[in-house]
Amino acid sequence: MPDYEWQKKMVGRHAAQYVSNGMVIGLGTGSTVRYFAEALGNLVQDGVELRAVATSPQSRRLAEDNAITLLELDGAPRIDICVDGADEVATDLSMIKGGGGALLWEKIVACASARRIYIADSSKLVGRLGRRPLPVEVCQFGHSVVARKLGEHCDDVRLRVQGDHPFVTSSGNYLYDCAFGTIFNARELDALLNNIPGVVETGLFIQMVDVLVSFDGDTISCCESADEVWWN
Ligand code: 5RP
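Residues numbered from 1 in each chain as written. Predicted model: local features only at pLDDT ≥ 70, side-chain atom pairs only at ≥ 80, totals over all residues. Heavy atoms only, no water.

## A closer look at the sheet that holds strand β3 (residues 69-71)
As a reminder, the rule being used: Whether two strands pair depends on DSSP finding at least two bridges between them. Helix numbers and strand numbers start at the N terminus; a helix is a DSSP run of H or I with at least 4 residues, a strand a run of E with at least 2. Fitting a line to C-alpha atoms yields each axis, with helices limited to the stretch in contact; the angle taken between N-to-C directions then spans 0 to 180 degrees. Note on contacts: a residue pair qualifies if any of its non-hydrogen atoms lie within 4.5 Å across the two residues.
One open sheet accounts for seven strands, arranged β3-β2-β1-β4-β7-β15-β16; its pairing is mixed. The open sheet has two edge strands, β3 and β16 (219-223), and neither has a second partner. Between one strand axis and the next, the sheet turns through 30° on average, direction left out of account. In this structure, strand β1 (residues 24-27) lies alongside strand β2 (residues 51-54), joined through four bridges in parallel fashion. From the neighbouring strand, V24 faces β2, where its bridge partner is R51. Sheet strands touched by helix α1 (residues 4-15): β4 (79-84), β7 (113-119), β15 (211-216) and β16. Its angle to β15, the strand with the most contacts, is close to 145°.

What follows is the structure in structure tokens.
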């Protein structure tokens, strides 16, 4: 059984190689990104000037803990690269994200970035998406009506909870985790779901990977297109 925590640390550290002095970085969310943020903290200690745009309160804390200057997205001059994790990466490099509940801000920041690096341990690599439920962010108003509509397209729809209450995203929305089973056409599904009034965003990230950093066996492996993937 691979040591996935070790892989997270290695891919997080590796991603720091894409960073250079003066960059504005979109800082993703999650346990893999934590290692990247620590590597950035070391660069800052060595005198490298970096600024970051956070994708969640958790990501903001990571920046603060590692002495990285924070910028608000609306005030940022540009974002040079964003580095983020993934819950599933398919062989066409489409992804499911949102396990940590930050998909909306993550997608906005990724779309605003000149270059997008995703870091994932090898447990995240799948043939097709759908092994895990797809997170869908839904506005609070009428959310149960929206959930019924979602349910017309999937096997199971679950409101994400935190303790005794619904989980509330950074934008004040709810999340529904939707079990679709194998997703054969992610683009079509994304369009279908986004067409339901009340759906704010889905956790499907399509054609957003510029570089994927992961593991092939015991070795870090990177790819920039579906032609270069090594798993199936
Ligand atoms: C948060 C995300 C994370 O990037 C994703 O859940 C991966 O997290 P981790 O690195 O902890 O496995 O999409 O919304």
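## Topic: the pattern of salt bridges
Heads up, the condition is: Note on definitions: salt bridges are taken to be side-chain nitrogens of Lys or Arg within 4 Å of carboxyl oxygens of Asp or Glu. Here's how the labels work: a residue is buried when its accessible area is under 20% of the maximum for its type, exposed when over 50%, partly exposed in between, all with a 1.4 Å probe on protein chains only.
Following the criterion strictly, the structure yields eleven salt bridges and no others. Of the charged contacts, one joins E38 and R34 as a salt bridge, the two residues approaching to 3.4 Å between their closest N and O atoms. Of this pair, E38 and R34 both sit in helix α2 (residues 31-45), four residues apart, roughly one helical turn. Overall, E38 belongs to the partly exposed group, its relative accessible area being 34%. Residue R34 is classed as partly exposed on the basis of its relative accessible area of 35%.

## Description of the site of the ligand
This is how it is decided: What makes a residue near a molecule or strand is one non-hydrogen atom of that residue sitting within 4 Å of it. Under the rule applied, a polar contact is a pair of N or O atoms within 3.5 Å (in protein, one hydrogen donor and one hydrogen acceptor; residues adjacent in sequence only if both atoms are side-chain atoms). Here the Shrake-Rupley method, with its probe set to 1.4 Å, supplies the accessible areas, and only the displayed protein chains count as covering residues. Gly is placed with the polar residues, together with every amino acid not listed as nonpolar (Ala, Val, Leu, Ile, Met, Phe, Trp, Tyr, Cys and Pro) or charged (Asp, Glu, Lys and Arg).
Within the structure, the ligand sits among 18 residues, and S31, T32, D87, G98 and K124 are positioned closest to it. Interatomic distance of 3.4 Å between a side-chain N/O atom of D84 and an oxygen atom of the ligand. One of the side-chain nitrogen or oxygen atoms of K124 is found 2.7 Å away from an oxygen atom of the ligand. Starting from 380 Å² of accessible surface for the ligand in isolation, the protein chains cover 91%. Classifying every residue of the shell around the ligand gives three nonpolar, nine polar and six charged.

These figures capture arrangement, not role.
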